[in-house]
Amino acid sequence: MSGLITLVFVFILGSMIGSYLNVLIYRLPREQDTVLSRSSCPHCQKKIFWYENIPIMSFIFLKGKCSGCKIGISFKYPLVEFFLGIIAINLMPANFDIISLYFFAFYLSVASVFLVHFLIDLEFKLLPDKLNIYLAIVFLAHSLIFIDMSWTHWLLGLLIGFGFPYLVTWGFYKYSGKVGMGGGDIKLFGALGLFLGPMGVMLTIFLSCFVGAITTLVLILTKIVNKDEPVPFGPFIIIVASVQIFFPTLFKELTQWLGIGGL
Ligand SMILES: [Zn+2]
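Observations concerning the overall build of the chain
Phase 1 of the analysis: Looking only at helices and strands, the chain features nine helices and zero strands.
Phase 2 of the analysis: In the chain, the succession of α and β elements from N to C terminus is α-α-α-α-α-α-α-α-α.
Phase 3 of the analysis: Taken against the 2.2 N^0.38 rule, which gives 18 Å for 263 residues, the C-alpha radius of gyration of the chain at 20 Å falls within 12% of a compact globule.
Phase 4 of the analysis: Taking the principal axes of its C-alpha atoms as reference, the chain extends roughly 55 × 50 × 35 Å.
Phase 5 of the analysis: The buried share of the chain, taken over its 263 residues, is 39%.
Phase 6 of the analysis: Put simply, of all contacts in the chain between residues at least 6 apart along the chain, 68% involve residues at least 24 apart.

Quick look at the structure:
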């Protein structure tokens, strides 16, 4: 029974984090304050009361409509809350000692930022600096404390993660006059390098370009997107890095299968 109570508690905690992520997803690309101001309906500006802001439940009570203007609330909101609840349960530690709780908080916050990055880039073609800085700080601290390797792990990871795509993008720009990769993508690679190290981030760069190129080609050939329309690259980085970080065994098998496991 106590196991079930813990599960429910962790799910609620996750969905509450999801509720705040919805605030970030809406406000970060619009450069609005993300901490203090109360949420309001984007259509009629009606302030949202606390009881209309309970994760998942409020969406059901309000029947998916704003209590002011009755315009539909996006399904994305309860979905993000539910998803974070499920992620929190999956990351839940077996023991509640301080180290296990730290790891829980670390992985949950990385998953949260990944989700926000993913959804903002998909809609706005933008990876906010604030989120990249947050990831860089959390990854660097984690590497310094927990990764039992020399400083070359995070420093070379940063240099390669940031430097390599930067140089390629710069060269491509000089050659073709076109911007290949956005600054946000390059900064995200840099942040990931702090955690994944030089070899790990090389794999992220290679595989996200690979998956991104194939997906974009399919989207253009099937005429889902116009060939002149830019496809955001961030989601591909996030997908590859998520497999690397959250499913390391699967990632190892994949890279071995592709013949690049030795990297
Ligand atoms: Zn409204």
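Continuing now.
Remarks on the environment of Phe 114
Phase 1 of the analysis: Structurally, the position occupied by Phe 114 is in helix 4 (residues 98-124).
Phase 2 of the analysis: Residue classification places Phe 114 among the buried residues on the basis of a relative accessible area of 3%.
Phase 3 of the analysis: Between the C-alpha atom of Phe 114 and that of Leu 131, which follows or precedes it by 17 residues, the distance is 8.9 Å.
Phase 4 of the analysis: In contact with Phe 114, other than residues within four places in its own chain, are Leu 135, Leu 192, Ile 238, Ala 241, Ser 242, Ile 245 and Phe 246.

Some remarks on the coordination of the zinc ion
Phase 1 of the analysis: On the protein side, the zinc ion has Cys 41 (SG), Cys 44 (SG), Cys 66 (SG) and Cys 69 (SG) as donor atoms, found 2.3 to 2.4 Å from it.
Phase 2 of the analysis: The coordination sphere of the zinc ion comprises four donor atoms, whose angles at the metal cover 107 to 112 degrees; the geometry is tetrahedral.
Phase 3 of the analysis: Donor residues binding the zinc ion come from one chain and are separated in sequence as C-x2-C-x21-C-x2-C. With Cys 41 in the loop between helix 1 (2-27) and helix 2 (57-61) and Cys 69 in the loop between helix 2 and helix 3 (76-91), the pair connects residues that are 28 residues apart, well separated along the chain.
Phase 4 of the analysis: On the basis of relative accessible area, Cys 41 is assigned to the buried category, the value being 5%.

Concerning a nonpolar patch on the surface
Phase 1 of the analysis: A cluster of nonpolar residues, Phe 210, Val 211, Ile 214, Val 218, Phe 247, Leu 250, Leu 254, Trp 257 and Leu 258, forms a patch on the protein surface that exposes about 870 Å² of accessible area.
Phase 2 of the analysis: Every element with two or more residues in the nonpolar patch is listed here: helix 7 (183-221) and helix 9 (248-257).
Phase 3 of the analysis: Looking at which element gives the most residues to the nonpolar patch, the answer is helix 7, with four residues.
Phase 4 of the analysis: Tracing the sequence through the fold places Leu 250 in helix 9.
Phase 5 of the analysis: Given the relative accessible area of 43%, Leu 250 is considered partly exposed.

Describing the packing of aromatic side chains
Phase 1 of the analysis: All told, the structure shown has 19 aromatic pairs when counted by the stated rule.
Phase 2 of the analysis: The interplanar angle of 85 degrees and the centroid separation of 5.7 Å between the aromatic rings of Trp 50 and Tyr 51 together place this pair among those described as edge-to-face.
Phase 3 of the analysis: Assessed through its relative accessible area of 69%, Trp 50 is described here as exposed.
Phase 4 of the analysis: With relative accessibility at 44%, the residue Tyr 51 sits in the partly exposed group.
Phase 5 of the analysis: Geometrically, the ring pair formed by Tyr 102 and Phe 146 is stacked, given 4.9 Å between the ring centres and 15 degrees between the ring planes. Of this pair, Tyr 102 sits in helix 4 while Phe 146 is found in helix 5 (residues 129-146), placing the two residues 44 residues apart along the sequence.
Phase 6 of the analysis: Taking the relative accessible area as the measure of exposure, Tyr 102 reaches 28% and is therefore partly exposed.
Phase 7 of the analysis: Here a set of aromatic residues connected by ring pairs shows up, and it is made of Tyr 102, Phe 103, Phe 106, Tyr 107, Phe 114, Phe 139, Phe 146, Phe 195 and Phe 246.
Phase 8 of the analysis: The ring of Tyr 26 has Arg 30 sitting right over it, with the charged end atom 3.8 Å from the ring centre.

Conventions adopted
- Numbers given for residues are sequential positions, taken from 1 along each chain in its written order.
- Confidence filtering applies because this is a predicted model: local features only for residues at pLDDT of at least 70, side-chain atom pairs given and counted only at 80 or more, and all residues used for totals across whole chains, interfaces and linings.
- Heavy atoms from the whole structure form the basis of all side-chain values; hydrogens and water molecules are not counted.
- Here a helix means four or more residues in a row that DSSP labels H or I, a strand means two or more in a row labelled E, and each is numbered from the N terminus.
- Atoms considered for the radius of gyration are the C-alpha atoms alone. The globule rule reads 2.2 Å times the number of residues to the power 0.38.
- Only protein chains enter the accessibility calculation, which uses a 1.4 Å probe; a residue whose area is less than 20% of its type maximum is buried, one above 50% is exposed, and one in between is partly exposed.
- We call two residues contacting when some pair of their heavy atoms lies within 4.5 Å.
- Listed donors are limited to N, O and S atoms within 2.8 Å of the metal, widened to 3.2 Å for Na, K and Ca; water is not among them, so incomplete-looking sites are possible.
- Geometry assignment treats four donors as tetrahedral when all angles are between 85 and 135 degrees, treats four as square planar and six as octahedral when opposite donors are over 155 degrees apart and all others between 65 and 115, and treats everything else as irregular.
- The patch calculation keeps residues exceeding 30% relative accessible area without a salt bridge and links them within 9 Å when they carry like charges or within 5 Å when they are nonpolar (Val, Leu, Ile, Met, Phe, Trp, Tyr).
- Methods summary: accessible areas were calculated by the Shrake-Rupley approach with a probe of 1.4 Å, and residue burial reflects only the protein chains presented.
- What makes a salt bridge here is a side-chain nitrogen of Lys or Arg within 4 Å of a carboxyl oxygen of Asp or Glu, nothing more.
- When two rings of Phe, Tyr or Trp (its six-membered ring) have centres within 6.5 Å they constitute a pair, described as stacked for plane angles under 30 degrees, edge-to-face for angles over 60, and tilted for the intermediate range.
- When the NZ atom of lysine or the CZ atom of arginine is within 6 Å of a ring's centre and also within 35 degrees of its normal, the charge is said to sit over that ring.

No statement about biological role is implied by the geometric values presented.
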